[in-house]
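# Examination of the molecular architecture
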Amino acid sequence: VVNSWIGNTAIVNLPTEQKAVKGTFADDLNVSTAATTSADMSLTFQNVLGHMKFSVDNVSGSIVSVEIKANGGESLTGTASVSFDNAGKAVITPLAQSSTITLTSDKALEPGDYYVAMIPGTYKSGLTLTFTDTNGAVAVKSVTDELVLDAGVIQYIGTVSGLVFEGGS
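Right, let's walk through the structure included here.

About the cut-offs
Residues numbered from 1 in each chain as written. Predicted model: local features only at pLDDT ≥ 70, side-chain atom pairs only at ≥ 80, totals over all residues. Heavy atoms only, no water. Helix = DSSP H or I, 4+ residues; strand = E, 2+ residues; numbered from the N terminus. Rg over C-alpha atoms; globule rule 2.2 N^0.38 Å. Buried < 20%, exposed > 50% of the residue type's maximum accessible area, 1.4 Å probe, protein only. Contact = heavy atoms within 4.5 Å. Areas by Shrake-Rupley, 256 points an atom, 1.4 Å probe, with all protein chains shown as cover. Pairing = 2+ DSSP bridges. Axes fitted to C-alpha atoms, helices over the stretch in contact; angles between N-to-C directions. Phe/Tyr/Trp six-rings, centres within 6.5 Å; stacked < 30°, edge-to-face > 60°. Lys NZ or Arg CZ within 6 Å of the ring centre and 35° of its normal.

### Focus on the overall build of the chain
In terms of regular secondary structure, the chain is built from zero helices and 16 strands. Computed over its C-alpha atoms, the radius of gyration of the chain comes to 17 Å, within 12% of the 15 Å expected for a compact globule of 169 residues. With respect to the principal axes defined by its C-alpha atoms, the chain has extents near 60 × 30 × 25 Å. Buried positions account for 40% of the 169 residues belonging to the chain. When contacts within the chain are restricted to residue pairs at least 6 apart in sequence, those whose partners lie at least 24 apart make up 70%. Accessible area for the chain stands at about 8,600 Å²; split by element, carbon and sulfur atoms hold 47% of it.

### Observations regarding the sheet that holds strand 6 (residues 50-56)
Spatial strand order, 11-6-16: three strands in an open sheet with mixed pairing. Of all strands in the sheet, those bounded by a partner on one side alone are strand 11 (112-118) and strand 16 (154-160). Neighbour-to-neighbour, the strand axes of this sheet turn through a mean angle of 20 degrees, independent of strand direction. For strand 6 and strand 16, the ladder comprises five bridges, and the chain directions are parallel.

### Overview of the packing of aromatic side chains
Going through the model one piece at a time under the given rule, you end up with three aromatic pairs. Between Phe25 and Tyr115, the aromatic rings sit 6.4 Å apart at their centres with planes inclined by 85 degrees, giving edge-to-face as the arrangement. In this pair, Phe25 is assigned in the loop between strand 3 (17-19) and strand 4 (32-33) and Tyr115 in strand 11, connecting sequence segments 90 residues apart. Overall, the relative accessible area of 22% leaves Phe25 in the partly exposed class. By way of ring pairs, the aromatic residues Phe54, Tyr114 and Phe131 are connected into one cluster. It is Lys53 that lies over the ring of Tyr156; its NZ or CZ is 5.0 Å from the centre.

### Some details on the sheet that holds strand 10 (residues 100-104)
Taken in spatial order, the five strands make up an open sheet running 3-10-7-13-14, and their pairing is mixed. Of all the strands in the sheet, just strand 3 and strand 14 (138-143) have a single pairing partner and so form its edges. For this sheet, the mean angle separating the axes of adjacent strands, direction not counted, is 20 degrees. Examined bridge by bridge, strand 13 (residues 127-133) and strand 14 share six bridges and lie antiparallel to one another. Within strand 14, the position partnered with Thr130 by the bridge is Val140.

This is the structure in structure tokens:
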């Protein structure tokens, strides 16, 4: 996920397609940084990204992908710079952005918790989640309330249940 360093700034690329892994997030999607100016070179690492969590239950259907879209067009993924303020706190600045993330799986999601790594921010108009099942049918769930996602925080949006899938083969 870390592409390069320019001086004291890391350039990270948070992918727009992420692998669904039950109970955690995909590899390399928990970026942490640290800086020090002290003589003892003591480092305190800080998580740079936020994570959204949702649960799938046994009546959620045979979901194989979830597209998450920021209703207000805010950055969810893409390239960003990570630098440090005067207090040593990590500051993430989107450079090239995407307002969409797709969480994918090779098979239907098993009941449990799933996580999506996102650029921290305030999503004023919420998010829309589009679920696709094994037959290609889709179901949509919108979270229209403002969602604030801070770095190092897991924001739980609830259990996916009662989806009505339409279309598909």
